[in-house]
Number of protein chains: 2
Amino acid sequence: MSKNLTKRSEDYSKWYNELVVKADLAENSAVRGCMVIKPYGFAIWEKMQAELDKMFKATGHQNAYFPLFVPKSLFEAEEKNAEGFAKECAVVTHYRLQNDPDNPGKLRVDPEAKLEEELVVRPTSEAIIWNTYKGWIQSYRDLPILINQWANVVRWEMRTRLFLRTAEFLWQEGHTAHATMAEAITETEQMNTVYATFVENFMAIPVIKGVKTESERFAGALDTHCIEALMQDGKALQAGTSHFLGQNFAKAFDVKFTNNEGKQDYVWATSWGVSTRLMGALIMTHSDDKGLVLPPNLAPNQVVIVPIYKTEEQHNIIRNVVNTLKQKLEDNGVSVKFDDRDTQRPGAKFAQHELQGVPLRIAIGPKDIENGTIELARRDNLTKEVVDIEGIENHIPQLLETIQKELFQKAYDFREEHTTKVDTFDEFKTVLETKTGFISAHWDGTAETENKIKELTKATIRCIPHNSPIEDGLCIYTGKPSRQRVLFAKAY
Amino acid sequence: MSKNLTKRSEDYSKWYNELVVKADLAENSAVRGCMVIKPYGFAIWEKMQAELDKMFKATGHQNAYFPLFVPKSLFEAEEKNAEGFAKECAVVTHYRLQNDPDNPGKLRVDPEAKLEEELVVRPTSEAIIWNTYKGWIQSYRDLPILINQWANVVRWEMRTRLFLRTAEFLWQEGHTAHATMAEAITETEQMNTVYATFVENFMAIPVIKGVKTESERFAGALDTHCIEALMQDGKALQAGTSHFLGQNFAKAFDVKFTNNEGKQDYVWATSWGVSTRLMGALIMTHSDDKGLVLPPNLAPNQVVIVPIYKTEEQHNIIRNVVNTLKQKLEDNGVSVKFDDRDTQRPGAKFAQHELQGVPLRIAIGPKDIENGTIELARRDNLTKEVVDIEGIENHIPQLLETIQKELFQKAYDFREEHTTKVDTFDEFKTVLETKTGFISAHWDGTAETENKIKELTKATIRCIPHNSPIEDGLCIYTGKPSRQRVLFAKAY
């Protein structure tokens, strides 16, 4: 495998696939559509998890764990949800293997160990969770229930891509139960805002908050809030969703409660999730032709230090200086890797850390020791400078903050440049073919028009943005009246 | 459901089952043998995870994630491992459901969506991981690989019990690859020691380190190290295992490397794991007839504060005092819950926190405010005292340490009292029927004798303890010569 990546301008999709593998983030496995998340990729995911988990707990949620399997009878209870996921279910039908009498050394499913009821490997957990909540809720005093689960889920996809669309993926799914509709709606919106805050502040990815149209809603939801991000190739990526489920699941699983007036009512529900798909968004927002670019807030190593020496005496002197510097940086909250491997030359180390997106690289050689300097290189804009080592432990935390902000700003500017208001369908098609990106346009509000536009252009309505002002206009496709622009794009 | 637990002396097993449910740790689900881990139980598991994860990372391991499914052809590659797990495999055979034409509103497996190759839901991940490592290892420079995975696994069990034996459980599984046998053996032993340290220091459970006999080994291992704990009913519980896998998996998956002399060799392997079963060990070691007793190092809340008041004025005064105290305690690293619910009376709160094992309970009433005191109650020994509030924030961290130590000591003393050396089979049987516990006895080293003793008494060899001295003796069953005592017990 060549060390160089395909250029984004040549083949964006190929660039992405190569980058994921070469930067040691993930790879395909022997199982169709399932990925192996490698240690470096998983370390980034862990940082995301830790931050999100903190935010969920700060908003009153607790973690719990529910079964991997959903018995078929529960799976089919909420009709729309079942219909939405039936086509992509992995189904367990047997609970034992036995020696295959026709093939010595091989196993086969034991025909006598057939399950009475098939088990669906969870594609999402509303069914199993609401069947459980039924036993937990009698009165308004038992509400709200604010639970999150970190789990693996399986959706059988035919065309898969690492992180973006895999048969098995990791995610978190919040499932809350409330006494009133208003409270459930507030929760739905709150969690969408938590996602937006996380993605913008930690991943440095600007997002548009909005609601989905009916045809893009989660199966079984009354309303789906979402955050939408724009990738460098001008395609949108849905980065998180938060669903107001109304009383659909409570009705399907007969979950009633006695309210504070002594009356029985069905419980109101929300669910919300983000997944390892965020890794895809991270990669496609910031990275470049040299590899990954990581925002400092999510980088497993924020700084890597590479020693440059010819003699073992030089090596020893440098090692001492580096160890002191490393300690000072760590005391200031910076994560540092001292890459002191003797199996690799400095050039190879530079290339690896560039490919893997370490935000700052420090190189120290004998000249630096003489002069009291280091070479400091930024991964994001590929600049480097020689600076005094004295006080560098105070400069670097600030520089990391600057990088974090500049990455966000760069992505923000890109999105603004690639968001176009159009008022005719011709303009709409031209933008899609030339500059791509988000297109803000009027739409008549019907699923029919939405589908027709999708059929003709592959663009879908990503969301009806919360900040889209009310204004009179005409649907770009049918010319019918519209009161609000929606956001179209081709999407991952 | 009655609020009181069955007494341990009446029915230990019933006591355990009731406690798990009433203390809100876990419950059975609609899926045969699969449990729901409730927020309070999961919070304890999260504390275990956090500490173990830190210890794994401190010993050089990284986390990663491998697929949930193992294709049948990979599953059967390592024969002994396959044979060991074939009888308890959940098997995915189809990837789609469809509307059932015979039952409107119901779904059925789509007969046209049958997988070409069945997928086993991982009962353990050696097969899928070693198939992956094959692509990662060419030379000794790629070694060692030190990876851990936090995951769910499924082993189809017929008789299940919450935490102790469930069809799906959560665990971590370490999978390491080494250039030499010696290094792999060192790793195996190191991780067993990490487990012992964790279980003793954090869970306050004394353990015996040792190795399993051949018949009790992990399927596919050359050697299984383990830690064994003793529960209050005198039965043993295997709390963690670490396996030296030799070159078995490397051979099954053809994983070779070029060593530093340029020669090809198979890679050496280890794997090691602990699971949510540890929750069972925690409960059965420390808890009493009033409920859970948690060691302070694992308690989600180390201190709970209950206000006692009649008037709202008193309530306000107490609330102010409590908030100040809570802050001081938290500044000293203590986790505190202020139970200020107005839907529950103090007595009900006391009972709940007792049932849920909060190590220290503080009650503050109007008299305490006048006197500058609080009532401080220890959950472990059920003592309480009135103490000055002044300086209590310094006393409590010390007291928590004392409790942690005393819980360990109590469990240690119990184990010592319930460990008996015997030299005849009659004594052996008598001990099993009367005081139970660990029995240290000579054994002739054959699987035949081991099985015979198991058949006759239900006791198994838990391990050959590392600290068991070499001494001449005679097998208690066959009278044949033996050079070392082994540890027998009935076990979970």
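Residues numbered from 1 in each chain as written. Chains lettered and ligands numbered in written order. Predicted model: local features only at pLDDT ≥ 70, side-chain atom pairs only at ≥ 80, totals over all residues. Heavy atoms only, no water.

Participant: Can you tell me about the relation of the copies chain A and chain B, naming the residues and giving the values?
Facilitator: Expressed as a screw operation, the relation of chain A to chain B combines 0.0 Å of axial shift with a rotation of 180°, fitting to an RMSD of 0.0 Å. Both chain copies can therefore be described as sitting about a two-fold axis. Taking C-alpha positions as reference, the residue of chain A nearest the rotation axis is A:Val92, located at 2.1 Å. Take the interface residues of chain A: 100% of them recur as interface residues in chain B, which is what a same-surface contact looks like. (Least-squares fit on C-alpha atoms with pLDDT ≥ 70 in both. Contact = heavy atoms within 4.5 Å.)

Participant: Report on the interface of chain A and chain B, specifying residues and quantitative values.
Facilitator: On the side of chain B, 64 residues touch chain A, which itself brings 64 residues to the contact. Between chain A and chain B, a total of about 5100 Å² is buried, with carbon and sulfur atoms accounting for 69% of that surface. Considering only the side of chain A, the residues that lose the most area to chain B are A:Tyr65, A:Leu97 and A:Leu107, jointly responsible for 13% of the buried surface there. Here chain A and chain B share 4 salt bridges between them. As a salt-bridge pair, B:Lys106 and A:Glu76 come within 3.8 Å of each other at their nearest N and O atoms. The interface formed by chain A and chain B contains 30 residue pairs in polar contact (both at pLDDT 80 or more). Relative to strand β5 (residues 91-94) of chain B, strand β5 (residues 91-94) of chain A is paired through 3 bridges, and the arrangement is antiparallel. The residue bridging A:Val92 from the neighbouring strand is B:Val92, located in β5(B). (Buried area = accessible area lost by both parts, 1.4 Å probe. Salt bridge = Lys/Arg side-chain N within 4 Å of Asp/Glu carboxyl O. Polar contact = N/O pair within 3.5 Å; in protein donor to acceptor, adjacent residues only side chain to side chain. Pairing = 2+ DSSP bridges. Helix = DSSP H or I, 4+ residues; strand = E, 2+ residues; numbered from the N terminus.)

Participant: I'd love a proper account of the sheet that holds strand β17 (residues 303-307) of chain B, names of residues and values included.
Facilitator: Residues and elements named next belong to chain B. Read from one edge of the open sheet, 5 strands run β18-β17-β19-β20-β21, paired in mixed fashion. Each edge of the sheet is formed by a strand with only one pairing partner; in this case those strands are β18 (336-338) and β21 (384-388). Averaged over all neighbouring strand pairs, the angle between strand axes comes to 25°, with direction disregarded. Direction of pairing for strand β20 (residues 373-378) relative to β21: antiparallel, over a ladder of 5 bridges. Bridge pairing in β21 links Thr373 to Asp388. Packed onto the sheet, helix α9 (residues 312-331) meets β17, β18 and β19 (360-364) and runs at close to 170° relative to β18. Packing of helix α10 (residues 346-355) onto the sheet brings it into contact with β17, β18 and β19, and relative to β17 it is tilted by some 170°. (Axes fitted to C-alpha atoms, helices over the stretch in contact; angles between N-to-C directions.)

Participant: Give me the packing of aromatic side chains: which residues, what numbers.
Facilitator: Between two aromatic rings, the relevant description is the distance of the centres plus the angle of the planes. Residues and elements named next belong to chain A. Scanning all chains against the criterion turns up 38 aromatic pairs over all chains. Residues Phe198 and Phe202 carry aromatic rings whose centres are separated by 5.9 Å and whose planes lie at 15° to one another, so their mutual orientation is stacked. Between Phe428 and Phe488, the aromatic rings sit 5.0 Å apart at their centres with planes inclined by 85°, giving edge-to-face as the arrangement. With a gap of 60 residues between them, Phe428 in helix α13 (residues 425-433) and Phe488 in strand β26 (residues 481-489) connect regions that are remote in the sequence. On the basis of relative accessible area, Phe488 is assigned to the buried category, the value being 0%. One aromatic cluster in this structure is built from Trp45, Phe56, Trp150, Tyr195 and Trp272. A cation sits over an aromatic face here: Arg8 above Trp15, 5.9 Å from the ring centre. (Phe/Tyr/Trp six-rings, centres within 6.5 Å; stacked < 30°, edge-to-face > 60°. Buried < 20%, exposed > 50% of the residue type's maximum accessible area, 1.4 Å probe, protein only. Lys NZ or Arg CZ within 6 Å of the ring centre and 35° of its normal.)

Participant: I'd like a description of the nonpolar core, backed by residues and values.
Facilitator: If you look at the biggest cluster of nonpolar residues, it comprises 158 residues, and the most contacted ones within it are A:Phe69, A:Trp130 and B:Phe69. A total of 8 residues in this core trace back to one element, the largest contributor, which is helix α2 (residues 39-58) of chain A. Residues in contact with B:Phe69, not counting those within four places in the same chain, are A:Val31, A:Cys34, A:Ala90, A:Val121, A:Val154, A:Trp156, B:Val92, B:Leu119, B:Val120, B:Val121 and B:Ile128. (Core = buried A, V, L, I, M, F, W, Y, C linked by side-chain atoms within 4.5 Å.)

Participant: Provide a residue-level description of the side chain of A:Lys72, including the pertinent values.
Facilitator: Checked against the element boundaries, A:Lys72 lands in helix α3 (residues 72-75). Excluding residues within four positions of it along the chain, A:Lys72 makes contact with A:Glu117, A:Glu118, B:Leu97, B:Leu107 and B:Arg108.

Participant: Describe the domain arrangement of chain A, and please don't skip the residues or the numbers.
Facilitator: All names here are of chain A. Taken domain by domain, chain A holds domain 1 (12-69 + 127-286), domain 2 (301-405) and domain 3 (419-489). Centre-to-centre separation of domain 1 and domain 2, based on C-alpha positions: 38 Å. Each side of the interface is counted separately: domain 1 has 9 residues, and domain 2 has 4 residues. It is Lys22, Ala23 and Tyr40 that lose the most area in domain 1 upon contact with domain 2, and together they represent 60% of the buried surface on that side. Summed over the shared surface of domain 1 and domain 2, the number is 0 salt bridges. Here domain 1 and domain 2 share 4 residue pairs in polar contact (both at pLDDT 80 or more) between them. Across the side of domain 1 that touches domain 2, the residue classes tally to 6 nonpolar, 1 polar and 2 charged. (Domains from an automatic or database assignment. Nonpolar A, V, L, I, M, F, W, Y, C, P; charged D, E, K, R; others polar.)

Participant: Go over the pairing of strand β9 (residues 145-154) of chain A with me, naming the residues and quoting the values.
Facilitator: If a strand is regular, its side chains alternate between the two faces of the sheet. Burial within β9(A) is extensive, with 10 of its 10 residues counted as buried. Both faces of β9(A) are covered, namely the face carrying A:Ile145, A:Ile147, A:Gln149, A:Ala151 and A:Val153 and the face carrying A:Leu146, A:Asn148, A:Trp150, A:Asn152 and A:Val154.

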